[in-house]
Amino acid sequence: MRTILLTGFEAFGGDSRNPSADAVAAVAASYDGSERLIIATLPVSFAGSALRLRSLIDEHDPDAVIATGLAGGSDRVAVERVGINLMDARIADNDGARPIDQPCEPDGPAARFATAPVKRMVAALDEEGIPARASLSAGTYVCNHVLYTALGAVRATVPAGFVHVPWSMSTAPADAPSLPDDVIARAVRRCVDLVFEPERLEPGGAIW
Ligand code: PCA
């Protein structure tokens, strides 16, 4: 049996909940797949999230890692392709840290590509009628930091990736785009089920 580490984030920015943690908890509660699923809620802290993630990886030696977080204002699930070596925080994290134009890892590469099958995951969500896209930027806040950290912390053979979710209907501020809570959980579950699959070679990307 293989081990999959699946993480969500605690609330931040004055919110009382984070739909990523809700979705991860829902996936764990109903998980009937064949792998061992380890779930965790990461702190929205640059330093704290990386510490916790590294200690989870040390403790469980996962065969795959999927981290999830909220992209408030997005109307669809975004499967991230790249983590960049940059912290540039528009708001302070939950520990009060607000790095501006600092590297996540001073000696790390400029970027690390997700090793989870991004296009396959997006195609599967499309097929289920769940709005989804592949994303070329996870931002420069704690989610990007976690993606970048995870990709550097696991062995090269371990698929790792990040899924940004929109607001859920039960957490969205008035007039913000959202998806039903159960749809977000289904999207995360689908990504968990596909994490060991090979990537699909099909055209994608953006032409601006
Ligand atoms: N979203 C933030 C950090 C935690 C979360 O859920 C982000 O996109 O960086």
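Look up: the structure comes first, before these words.
Peer 1: Please give an account of the site of the ligand that cites residues and values.
Peer 2: Close to the ligand lie F9, F12, N18, V44, G69, L70, Y141, V142, C143 and H164, which account for all nearby residues. The contact in question runs from an oxygen atom of the ligand to an N or O atom on the side chain of N18, over 2.8 Å. Contacts to the ligand include H164, whose side-chain N or O atom sits 2.8 Å from an oxygen atom. Burial of the ligand by the protein chains amounts to 93% of its free accessible area of 260 Å².

Peer 1: Give me the lowdown on the packing of helix α3 (residues 118-127) against helix α5 (residues 181-194), citing residues and values where you can.
Peer 2: Direction vectors running N to C along α3 and α5 enclose 135°, while the axes themselves pass 10 Å from each other. Between α3 and α5, the angle falls in the class oblique. The chirality of how α3 crosses α5 is right-handed. Of the residues in α5, those in contact with R120, M121, A124 and L125 of α3 are A187, R190, C191 and L194.

Calculation notes
Residues numbered from 1 in each chain as written. Predicted model: local features only at pLDDT ≥ 70, side-chain atom pairs only at ≥ 80, totals over all residues. Heavy atoms only, no water. Near = heavy atom within 4 Å. Polar contact = N/O pair within 3.5 Å; in protein donor to acceptor, adjacent residues only side chain to side chain. Areas by Shrake-Rupley, 256 points an atom, 1.4 Å probe, with all protein chains shown as cover. Axes fitted to C-alpha atoms, helices over the stretch in contact; angles between N-to-C directions. Helix = DSSP H or I, 4+ residues; strand = E, 2+ residues; numbered from the N terminus. Parallel < 35°, antiparallel > 145°, perpendicular 65-115°, else oblique. Left-handed = near helix turned anticlockwise from the far one by under 90°. Contact = heavy atoms within 4.5 Å.

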